[in-house]
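Given next are the chains, with one letter for each unit.
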Protein chains: 2
Amino acid sequence: MKISIAQLNVHVGNFKKNSEKIIHEIEQAKKQGSELIVFPELAICGYPPRDFLEYDHFVDECVSAIANIAKHCISITAIVGSPSFNTTKVGKRLYNSAFVLSDGRIKEIVHKTLLPTYDIFDEYRYFEPNSVFKCVDVNGKKIALTICEDLWNLDHQKLYKVSPMEELMAHQPTLMINIAASPYDYEQAEERLAVLKWNAKKYKLPLVYVNHVGAQTELIFDGGSLFLSADAELVHLLPGFEEQTLQLDVDKPSTHINLNNTSKIASIHKALVLGIRDYFRKSGFQKAVLGLSGGIDSAVVAALAAKALGPENVLAVLLPSQYSSDHSIKDAEDLVSNFGIQKQVIPIEQIYTSFENGLSDFFHGMNPDLTEENMQARIRGVLLMAISNKFGHILLNTSNKSEVAVGYGTLYGDMCGGLSVIGDVYKTQVYELAKYINSDSELIPENTLVKAPSAELRPGQKDSDSLPEYDLLDQVLYHYIECSKGRTELVEMGFEKSLVDRITGLVNRNEYKRYQTAPILRISPKAFGMGRRMPIVAKY
Amino acid sequence: MKISIAQLNVHVGNFKKNSEKIIHEIEQAKKQGSELIVFPELAICGYPPRDFLEYDHFVDECVSAIANIAKHCISITAIVGSPSFNTTKVGKRLYNSAFVLSDGRIKEIVHKTLLPTYDIFDEYRYFEPNSVFKCVDVNGKKIALTICEDLWNLDHQKLYKVSPMEELMAHQPTLMINIAASPYDYEQAEERLAVLKWNAKKYKLPLVYVNHVGAQTELIFDGGSLFLSADAELVHLLPGFEEQTLQLDVDKPSTHINLNNTSKIASIHKALVLGIRDYFRKSGFQKAVLGLSGGIDSAVVAALAAKALGPENVLAVLLPSQYSSDHSIKDAEDLVSNFGIQKQVIPIEQIYTSFENGLSDFFHGMNPDLTEENMQARIRGVLLMAISNKFGHILLNTSNKSEVAVGYGTLYGDMCGGLSVIGDVYKTQVYELAKYINSDSELIPENTLVKAPSAELRPGQKDSDSLPEYDLLDQVLYHYIECSKGRTELVEMGFEKSLVDRITGLVNRNEYKRYQTAPILRISPKAFGMGRRMPIVAKY
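Values in this document were obtained by computation on a predicted structure and should not be read as measured data. (Residues numbered from 1 in each chain as written. Chains lettered and ligands numbered in written order. Predicted model: local features only at pLDDT ≥ 70, side-chain atom pairs only at ≥ 80, totals over all residues. Heavy atoms only, no water.)

Enquirer: I tried to follow the sheet that holds strand β14 (residues 244-249) of chain A on my own but got confused; where do I start?
Expert: The strands making up a sheet associate through backbone hydrogen bonding, with each pair oriented either parallel or antiparallel. Residue and element names in this part refer to chain A. Ordered in space as β5-β4-β3-β2-β1-β14, the six strands form an open sheet in which the pairing is mixed. Taken across any chain shown, the strands that pair with only one partner, and hence form the sheet edges, are β5 (105-111) and β14. Taking each pair of neighbouring strands and ignoring which way they run, the sheet shows an average axis angle of 30 degrees. Where strand β2 (residues 36-38) lies against strand β3 (residues 77-85), three bridges are found, and the strand directions are parallel. Paired with Val38 across the bridge in β3 is Ile79. Contacting β1 (2-7), β2, β3 and β14, helix α1 (residues 15-31) crosses the sheet at an angle of about 150 degrees to β2. (Pairing = 2+ DSSP bridges. Helix = DSSP H or I, 4+ residues; strand = E, 2+ residues; numbered from the N terminus. Axes fitted to C-alpha atoms, helices over the stretch in contact; angles between N-to-C directions. Contact = heavy atoms within 4.5 Å.)

Enquirer: Even after reading the chapter, I still don't get the relation of the copies chain A and chain B, so can you show me in this structure?
Expert: Relating one copy of the chain to the other takes a rotation about an axis and a shift parallel to that axis. Placing chain A over chain B gives an RMSD of 0.0 Å and needs a rotation angle of 180 degrees, together with 0.0 Å of translation along the axis. With respect to symmetry, the two chain copies, as superposed, fit the operation of a two-fold axis. Proximity to the rotation axis, assessed at the C-alpha, singles out Gln516 of chain A in chain A; its C-alpha lies 2.1 Å from the axis. When the interface residues of chain A are mapped onto chain B, 100% of them again fall at the interface, so both copies present the same face. (Least-squares fit on C-alpha atoms with pLDDT ≥ 70 in both.)

Enquirer: Got a minute to help me understand the interface of chain A and chain B in this structure?
Expert: How large an interface is tends to be reported as the accessible area lost when its parts come together. Taken residue by residue, the interface counts 100 residues in chain A and 100 residues in chain B. Buried surface at the junction of chain A and chain B, summed over both partners, amounts to about 8900 Å²; 61% is from carbon and sulfur atoms. If you look at where chain A meets chain B, you find 10 salt bridges. For Glu54 of chain B, the salt bridge identified is with Lys526 of chain A, shortest N-O distance 3.6 Å. Applying the counting criterion to the chain A and chain B interface returns 46 residue pairs in polar contact (both at pLDDT 80 or more). Where the side of chain A that touches chain B is concerned, the elements lending two or more residues are α2 (56-70), α5 (264-283), α8 (349-360), α9 (370-391), α14 (470-482) and α15 (487-492) of chain A. In terms of residues, the side of chain A that touches chain B owes the most to one element, α9 of chain A, which gives 14 residues. (Buried area = accessible area lost by both parts, 1.4 Å probe. Salt bridge = Lys/Arg side-chain N within 4 Å of Asp/Glu carboxyl O. Polar contact = N/O pair within 3.5 Å; in protein donor to acceptor, adjacent residues only side chain to side chain.)

Enquirer: Help me out: how do you make sense of the nonpolar core in this one?
Expert: Soluble globular proteins tend to pack their nonpolar side chains together in the buried interior. Counting residues in hydrophobic clusters, the biggest one holds 134 residues, and the most contacted among them are Phe39 of chain A together with Phe39 of chain B. If sequence neighbours within four positions are ignored, Phe39 of chain A has contacts with Ala6, Leu8, Ile22, Glu25, Ile26, Ala78, Ile79, Val80, Ile179 and Val210 of chain A. (Core = buried A, V, L, I, M, F, W, Y, C linked by side-chain atoms within 4.5 Å. Buried < 20%, exposed > 50% of the residue type's maximum accessible area, 1.4 Å probe, protein only.)

Enquirer: Could you clarify how one ought to interpret the packing of helix α14 (residues 470-482) of chain B against helix α16 (residues 497-509) of chain B in this entry?
Expert: The angle between the axes and the distance between the axes are what describe a pair of packed helices. All names here are of chain B. Where α14 contacts α16, the axes come no closer than 10 Å and their chain directions differ by 65 degrees. Crossing of α14 against α16: the hand is right-handed. Here Leu472, Leu473, Val476, Leu477 and Tyr480 of α14 lie close against α16, whose contacting residues are Leu499, Ile503, Thr504, Val507 and Asn508. (Left-handed = near helix turned anticlockwise from the far one by under 90°.)

Below, the structure written as structure tokens:
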């Protein structure tokens, strides 16, 4: 049986475009002689639709788009993900469903059983779990059709009491199909393949897996749709971070392929470029503006933006103060010319003086402190936002994860921006990204990579004046944030108690700043944002 | 049987203080001869602890605090809410539990069955539902002990397949006890009482209900702990918005009482005052700063802050520009003197000029537009944040819900602040609050209530230049946001199609601004924040 798998980049709520895309792929697959074409989970509305699901009108649009797509399913079957209404009187309003379309109509609807409700997932907020299990018949082939998490209830780590595949095996399927919305993080591709292989091995069935590609606000989907043979060997793997549809023959697996090992840092780079590109494209914007300090963070963000949007669409603004070093200005100018991006220079010293004057009576006799440092950052914020407003550019935020974690940044200052590009990338990883970007030639000035990090808000300032060295800081942060290790466990791991108390205290106390941060492109298994929900007024 | 019910104001994660408070109440109840004392849901750690629950260390602290409290339970039984570990190999890591403490030890642990996962609730994110049902025996009395949502699976609106009380009735209890974490909104007290009465009526049992009081970041708990007789009559009701412990005799219900009808606007006022007070107290801050424009929003926030923190702890800053009207400045000054709050005046015109100069080359030949209006708002933001930083005051945000909904505010400008006081209060409700505040004497100048709302960012500007009249706007917003009515339904309700499209479009497009808003004190059934989760880059 020839099956097409469509790894699509849809847009949340854009029913017209999503439908057109799906119908186009169905028509192509027909021409190529496929008997079945498979689309990702909730393909009709995009993933995650979040609280739009609370609007009947939104779900009505999904269902009517599905009905329209069904008309195109003559001499081919399509499986398309969509929410559907729970028509019983008990339970949540909706199901997360896979619609099986054939003979111009909706032939069957299969609901998702296991509803991930952790990290970035909120599915039990909206959906009732399925409790009826049967296979889907396509041209005589019995298919165990499941949705994403349905395959993730591993024997050694059972998050759920029911396992849909266990139930479906009673009906003797000969093929597994799983439609998914499984977002990227730098560990996910490997884990995902392991989980899928575990299923193929356990149930001794070939497995067709279709995932989304593209970014939806902060979530980046890498695709990785694939076909595993019944002996759990990888037969087909669609390229990461690209839209693609592939026809495969599930009865005649071709030779096994090896996993193309993209390095972790290369995949992060691809993810961030896609994240920026889709944020702009799907919002209807073309141009970005950012403040360029001469430091590593803004350099890497400028490079990523130039790659994602084209250098002609990136405007770097240098905003020097009396504390900006000559080398920083030179590094920033070199970077601008290396990447061919646009440049403006606006010194902030006179504006700063006007604030000093405005506040001089009130602050009379008080020493300069963090207030004045923050004021410089905020003046830059006002200027960048003025440019953003005047020209319709989106301001890119350039804070890294280490800073965001410990609150080393100024709210409404350098924390401004519509999208945080590297807010999920630790400082040590930012250096890795810079080296990766420079792997062919020195695009980011070498000096930017080697000098000591500094916010340059007072004479001779260095990050290490107020923070531990990033190598150490990032290790503690990783174990605290990504691995949920508490203070006691961190000390048991060998980190100094005073350091652990200081860093975890900073992370907790700065929840209020992160609450007001721009959405952060997610590349790690635990990013700040929807996947990490902390109280602000807590004592812990 | 004499039972004490302890409507406490605990603090998320503050195990030391929470334990002391609980132990103090146990000792008092002992002295008064109570056989049982009941505390709210998750009383040991506060509600909601959110992702702190993902830290084993946090849950360990809960369990060890409970063990310590148990030691005090000699000759009295206590019921205390706490998370507990799921020790089976299947399901989520934790249960949401009620610990029954007696004879100096943990006698029983009852788990919550129905886990609310909607609006502001995320319980299935953390907890495994209970599936074992038995009554708790206290001195020979058989008690059906449940936790909050367990009583909310109403026959006419079954969100869940299991109903814990149905299961427990098989064991013939003679009393229901429900421990809760049920946050305030202006409809909740009435709905809560109706649901509890429905249960008492259905199961023909008396009901003891114990709820939290106090605010945890944006959530405000109003208490309303009560005792219903077996004929579903209200026998005791604890006062709203106040910590209190009451001893009652469940076998000798005294005369029935009538519900003390607090007006809706009076309850909103109490809720906001408590919300401000607890935000400051629990964060360790005393003083607030806010920008006072002479308009109604900042006037009401100043009044609420003065009530919550004391006038001596509120600093109002007047930040006039060339567009500020004389009457606005006078209204602001009158308000300051009526409330006896602190005042500073910092004109922004010269700072504005310095920005114009800084940007003049870049903006050469371009007409003034929203950019320049936003710039004024942002200059005010920088000044207020400088004062906040210098003196350690928390900046109060003064945006109302109507503005926040349609994006009529400047990001990093008037949207600055650590806490949004009236971001869940529609403009029309802000006027009601102002009248309520003025019910005894004219504290907010009458002129502030009668003049046309204006942002005063250009000559002669009025809100109605860019927005529909608030009476109409608020109606559409209420049905769109609180009632989840889609565009088609709104038009069917009689609102003009062009108006509906315009307003819903504004709400959706401004999701990106709300993403970066301060936490908003929640007083409605659908507030912006954790209870309303929308994608930013969606087309709908």
